[in-house]
Every structure is written in C-alpha cells, then in structure tokens.
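Below are the chains, spelled out letter by letter.
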Amino acid sequence: MPPPADIVKVAIEWPGAYPKLMEIDQKKPLSAIIKEVCDGWSLANHEYFALQHADSSNFYITEKNRNEIKNGTILRLTTSPAQNAQQLHERIQSSSMDAKLEALKDLASLSRDVTFAQEFINLDGISLLTQMVESGTERYQKLQKIMKPCFGDMLSFTLTAFVELMDHGIVSWDTFSVAFIKKIASFVNKSGMDISILQRSLAILESMVLNSHDLYQKVAQEITIGQLIPHLQGTDQEIQTYTIAVINALFLKAPDERRQVGVESSVDILDCPLTEMANILAQKQLRSIILTNVIRAQRAINNEMAHQLYVLQVLTFNLLEDRMMTKMDPQDQAQRDIIFELRRIAFDAESEPNNSSGSMEKRKSMYTRDYKKLGFINHVNPAMDFTQTPPGMLALDNMLYFAKHHQDAYIRIVLENSSREDKHECPFGRSSIELTKMLCEILKVGELPSETCNDFHPMFFTHDRSFEEFFCICIQLLNKTWKEMRATSEDFNKVMQVVKEQVMRALTTKPSSLDQFKCKLQNLSYTEILKIRQSERMNQEDFQSRPILELKEKIQPEILELIKQQRLNRLVEGTCFRKLNCRRRQVPVADIKAVVTGKDCPHMKEKGALKQNKEVLELAFSILYDSNCQLNFIAPDKHEYCIWTDGLNALLGKDMMSELTRNDLDTLLSMEIKLRLLDLENIQIPDAPPPIPKEPSNYDFVYDCN
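This structure is a prediction, so every number in the text was calculated from the model and none was measured.

J.: For this particular structure, what's the right way to read the overall build of the protein chain?
T.: In terms of regular secondary structure, the protein chain is built from 31 helices and 7 strands. Going through the 706 residues of the protein chain one by one, you find that 44% of them count as buried. In the protein chain, of all internal contacts separated by at least 6 residues, the share reaching a separation of at least 24 is 69%. In the structure as shown, the protein chain presents an accessible area of about 39100 Å², 50% of it carried by carbon and sulfur atoms.

The following block contains the structure:
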C-alpha cells in the first residue's frame, strides 16, 4: 500500500550526531515536528531551533514552504532565524577583526534566505550595515595598509549582505543618506578597487536608480561616463555587465528632456553626467568600447550580459521615438525644405522660373509631376504623407539621410521607377514611409525593454547612425524585391511582407556588421524565400503522414460546410455594388441557372467593354436566369468578388473554387488538425495503423449483463 500523501520521508542532520531517518506528517504544526526532533537528541528549548535544507541553499523550512519538502530530502536542525539574526547582529559589532570578518561572511550567506532576512531587518540590521559602510570603513583606513586582504573581504561581505537583504524588497530604497550614496559611488570611481567590492557597488547603484527617483538624481550627480568607461575596458565580464546595467538604469529613469540631447552637443562626453543619455549613447567612443571589449567576446557572453546589451540596444533605438511620434507640420517651411531637397537631389533641379503669375502655375505643375515620380501619395502636398504616426518625421529623416549619404543609389531608384509604367513603379516615398514603420516594429522602437529578452544585434553597435544605415540597406532590398516579384501597386502589401521576412531571417543570423547583414540579404532573394517556404512546408512531416492525411479527408467536409455557411450569411447581409443600369429586378433564387465570371459575363462582351482594364475584368460576374436574362455585377474588391461567387455557387450546389476559399480551407484545416493533435505533442505518429490482435481463445472475461 502506498504511504499517505501527507507523510514525507526525510533525513535530518545535527552536528556531532548520526543523521536520523524520519517520517514527517505535513498535517502537524512545524513547531511540533521540531520539538519531536529535538526530543530525539535530548535538546531543550526547542523554540530556539529550526529546520533548514542541508543543500547549498541552506534555506529555512517555514509553514509557507514546507510543502516543497520531497521524499528523500536531507534537512538540518539548526538555530532558529531569530536566534541566528540576534547572534550575528552582535558578532558583526565585535572589536575583534577576525570575529567580525567571520560574522560578516556568515551574514552574507544567510541573507539570501528571506526568513532570516526578515529577522535581521527587524533588528535594524540594514541601518547597522550602512553605518559600517559610511563610517566603519574610515575607521579601518589606518589598518588598511597592513590588513588590506582582511579589509577588502570585510567590505565585500558587508556589501554582499546589504545587496542580498535589499533584494527581498522588505525595506524601501528611499531611506538611504547622501553620505551612503557618495561612499558607494566612491568605490566605483576609485581605480584599483577590489573586483568583488566594485561588482556589489555597481549592483547597489543600479538598484538605487531603478527603485527610487530621488536616488536616481543623487546617483546621476556622482557618476560620469568617464568614470565608467575603464570598467567596460576591463577583462571581467561581470563588471562589464554591471556597468552597462548602471548605464541602462540611468537612461530608463532619465526625464524625457534629458534623454533627447543633441548628438552634436559640445559637452565633453567623458565628464558629462549620465543624465545626458542621448549624447552618451550616440557617441562613437562608448560604442567602440562596447564593440571591442564586449561584442567580440560574444561566444563567452552569458545570458545576463546579453540581456544588458539588448536593453542598451533598445534604449538606443528609443532615442528615435520622439521623431517617430512627431507629425509633420505642412506649414513648417523648414520641414518642407527637406522635401524640396529630396526633389533637388533626385532631379538636379535648375534655377526656378521667374516669380510671374504664369511661371507660378508652371512651377506648381512641375512640383506635382516630380512629387509623383518620387512616389508620394499626395502629389500636391507631400507633407501630408508624414502626418501619420508612427513613423512620422522619422521616415523623412531616413529618406534625407539616404539621399545625402547614398546619393547614387537614391537617384537610381527614383529615376528607375519614374520611367516605368504606372502600374509597375515602386513608389519611393510610400515605400520609405511603410518601411520605416516596419523597421520600428521589428526593433520595437518606443517599447520598454523586456525583462526576459536577451536578443541583441552586434551590428547596431558598429555605426554612428546604425538605424539610418539599416534603413538604407533595406530600402534598396525593397526595390530589388519589387522587381523580382514584378509587382504592381496592388502588390504593395505582399512585397512588404516578403521584405519583412527577408529582414527578419537575416537578423536571426546575428551579423556582426552592417556589411555582413547586407551580404545575408543578397542570399535571400524572392526566389530563395519561396524555396525556403516550400521547404518548411515539406519538412512538416507529421502533416504529410498517412494518418494525418486520412484525418484531413475526414474533417474537410465539416470545414467546407462551415465556409459555405459563412458565405451564405454574407449574401444575406448584402453588399453595395456599382450601378450598371437603371432597371431594378428581383430574381427568385430558384430561377438562377448559372453564374459566369470574367470574360464570359454578358456585360464584358458588349461593345467597348473589352477595353475595360484587367482589374474590372477580374471583378465581374453575372447571374443567368430564365432565357437570355441576367443580372450583371462588378464587385468593389477581390474579397467581395470571392464571397459572392462562392455563395452563389454554393446555392447552386456547385463547388466553391475561389482563391479565398482555398486559403480559408487551408487555414481552418491546419488549425483544426493542430488542435486535435495537441495531446500527441512529441509523440511519433506511425505511418501504418498497429496490427489488429488475434481473437482471444474465449470470452469468459466479458461481463454477463443478464
């Protein structure tokens, strides 16, 4: 018989005695269990004892966590948290340096346990530690030269205990004095400081900034980038990680007006306070240090370092948020001058005509023509294209950067597309706006960093204007993909989807430079993307196995019936069609003989109708009834065309053959298959059904219902 669920078998240790094997009844109060253990070893005053895990954690067992005890767990009988806290509180104030050092070492270890931490904090232990940091260190300054290792260890254990105690969130960070902040900052600013002391000090500064606005201001006054750069140039990766974490924390808490400092500021970057974060993150010096000393060691980068670099990357891109969310003012002449400059660079405009009334009209006509060639949606006033946020003015900034720094490529793209037929031109203006918006989504511009993500891209630390260069590469990719797809204006969204896939696939390879990123994109042509998609579909072996194919055949009629009902419901709702003649006719459904589409429609065969463009032809359908009678339609778009032709064919008992039906069927069928296979995840589905076992020799095991 299995033991009761509330009984746990454990081993319990006590120094100087043989371990005991016990069965703990989880229904009993913990104090009763401790008393039972103490009685077994003849120990009085059981209230002074407690149980803790005998592993490296040494965490105390409490009523809250006792359910975590499993069969076979090794526990240790030890002094209670309150007793331990009281003893350590007294020992760390000992006049003996050796006793003090040993007590601080024990305190640093025990402070990780929240139960002990609560007891020590109740004794005002945090205040005692801060006083030791503020004045105690000075007290031992004279002894530092002769006892330097002891002093370094003592301060290291003190700061470690402080960090562990504060991490439990029991005490507010707002309670600390300026003297304490200055002392911690001095450990960071001082050269040659012990690694463990420096690491704890950086961790304390980061927590101060993140958890208190008042402390953020005080810390920002004490730390400069010049004092942090040496820590990034060192070889200790943990110190580099904590240093970047401090920079990130200061930027996250900086007021908006202090984030957006001009990149061309004349402030000395080494001496500027860390409140001027935009200036700092844009500096080549900081980026090159990060790239040289951190990114190049990428193979050895741990998760925490990767996370901090990811946060720094996000914060750098968030400097673009202000421009991304700024609408263009069509009346702002400075902003309109940027558009004039784009036109001038593209077409090398000569001196403008004289300011006569006639030449004014001519000039407006010329501007409209050129703005159309530039691919703006609003040919008369292109400034209106930049009133949507995002991407706002950021798109215009990118276009100007591309025109100025990659002038040959810019002119080639504009002139190449302006000489094509209208339907096949790739509109540079519209493409740039949508591409900027898409890149902001990919890089999550304007979003706060995720606490769990560590997905950073080294290439964004390699250039002063990494986002603008990123855009320049991608806009050329977009133009190339447009030509490969032989796209028309109607295919704009499809092209953008392909470009997004190309960019994201290239980013997943983590190129270390923008040039490498560009090379990755060259290998991801539209043809290659189609091959990859096909390969990925084919590699879904489970969906090609015989049992799955049989399951698809079984549930496909249900899905088709669902699609049919949706189409019929849409017919009941109705749609507004273009009026083709003045006669109004009502036709009973029972009188409908057939549905014809495209060139087979009577109104497409009429004189002059064949001159209709291809788009109209693809949207035309007719309902035939009686003899030589019909109702003619031109759907407002492809979606409505598919809905109505499918619905009418369903009424006639015919198959629904539209592309929309095929897509809906594939989507719904795939979803239904995945839902039905959820319980079989990671289970290999055999290609053939298992063999049917032989019949039993008798059926005596069958229950006789009579």
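J.: Help me out: how do you make sense of the sheet that holds strand β1 (residues 7-14) in this one?
T.: Paired through backbone hydrogen bonds, the strands of a sheet run either parallel or antiparallel to each other. Taken together, the 4 strands give an open sheet; going across it, the order is β2-β1-β4-β3, and neighbouring strands pair in mixed fashion. Both outer strands of the open sheet, β2 (17-25) and β3 (49-53), are each paired with one neighbouring strand and no more. Averaged over all adjacent pairs, the angle separating strand axes in this sheet is 35 degrees, with direction ignored. In terms of strand pairing, β1 meets strand β4 (residues 74-79) through 3 bridges, oriented parallel. When the sheet's bridge partners are listed, Glu13 is paired in β4 with Arg76. Each of β1, β2, β3 and β4 touches helix α1 (residues 30-40); the most contacted strand, β2, lies at about 150 degrees to it.

J.: Whenever I open this one, the pairing of β1 confuses me. Can you help?
T.: Regular strands place their side chains on alternate faces of the sheet. The pairing of β1 with β2 spans 7 bridges and is classified as antiparallel. Along β2, the bridge assignment pairs Lys9 with Glu23. From the end of β1 to the start of β2, which pair antiparallel, there are 2 residues, and Gly16 there has a positive phi angle of about 80 degrees.

J.: Just checking my understanding: could you explain the sheet that holds strand β6 (residues 620-625) for this structure?
T.: Taken in spatial order, the 3 strands of this open sheet run β5-β6-β7, and their pairing is antiparallel. Either end of the sheet is taken by a strand with one partner, and the two such strands are β5 (592-597) and β7 (629-634). For this sheet the average axis-to-axis angle between neighbouring strands, irrespective of direction, equals 20 degrees. Sheet topology places β6 next to β7; 6 bridges connect them, and they run antiparallel.

J.: For this particular structure, what's the right way to read the packing of helix α27 (residues 546-573) against helix α31 (residues 659-676)?
T.: When two helices pack together, their arrangement is given by the angle between the helix axes and the distance between those axes. The contact between α27 and α31 brings their axes to 9 Å, and the two run at 130 degrees. In terms of their interaxial angle, α27 and α31 are classed as oblique. At the point where α27 passes α31, the crossing takes the right-handed sense. Seen from α27, the contacting residues are Ile548, Leu551, Lys552, Ile555, Gln556, Glu558, Ile559, Leu560, Leu562, Ile563 and Arg567; seen from α31, they are Leu660, Thr661, Asp664, Leu665, Leu668, Leu669, Glu672, Ile673 and Arg676. The class makeup of the residues in the contact of α27 with α31 is 12 nonpolar, 2 polar and 6 charged.

J.: Help me understand the nonpolar core in this model?
T.: Across soluble globular proteins, you tend to see nonpolar side chains buried next to one another. One finds Ile92, Leu107, Leu129, Phe162 and Met208 to be the most contacted residues of the largest nonpolar core, which totals 78 residues. Counting residues in each nonpolar core, the second largest holds 67 residues, with Ile413, Ile433, Met485 and Ala506 among its members.

J.: I keep staring at unusual backbone geometry and nothing clicks. Help me out?
T.: Among all residues except glycine, the phi angle is most often negative; among peptide bonds, the trans geometry is most common. Between Thr389 and Pro390 the backbone carries a cis peptide bond, its omega angle lying at -15 degrees. When you line up the elements, Pro390 lands in the loop between α19 (357-373) and α20 (393-405). Along the chain, Pro390 connects to Pro391 via a cis peptide bond; the corresponding omega equals 10 degrees. For Pro391, the position within the fold is in the loop between α19 and α20. Residue Lys444 is not a glycine yet carries a positive backbone phi of 55 degrees. Take Lys444: it is sitting in the loop between α22 (428-442) and α23 (466-485). Residue Lys444 is classed as partly exposed on the basis of its relative accessible area, which comes to 41%. Of note, Arg486 is a non-glycine position whose phi angle comes to about 50 degrees, a positive value. By secondary structure assignment, the location of Arg486 is in the loop between α23 and α24 (492-507).

Conventions and cut-offs
- Residues numbered from 1 in each chain as written.
- Predicted model: local features only at pLDDT ≥ 70, side-chain atom pairs only at ≥ 80, totals over all residues.
- Heavy atoms only, no water.
- Helix = DSSP H or I, 4+ residues; strand = E, 2+ residues; numbered from the N terminus.
- Buried < 20%, exposed > 50% of the residue type's maximum accessible area, 1.4 Å probe, protein only.
- Contact = heavy atoms within 4.5 Å.
- Areas by Shrake-Rupley, 256 points an atom, 1.4 Å probe, with all protein chains shown as cover.
- Pairing = 2+ DSSP bridges.
- Axes fitted to C-alpha atoms, helices over the stretch in contact; angles between N-to-C directions.
- Parallel < 35°, antiparallel > 145°, perpendicular 65-115°, else oblique.
- Left-handed = near helix turned anticlockwise from the far one by under 90°.
- Nonpolar A, V, L, I, M, F, W, Y, C, P; charged D, E, K, R; others polar.
- Core = buried A, V, L, I, M, F, W, Y, C linked by side-chain atoms within 4.5 Å.

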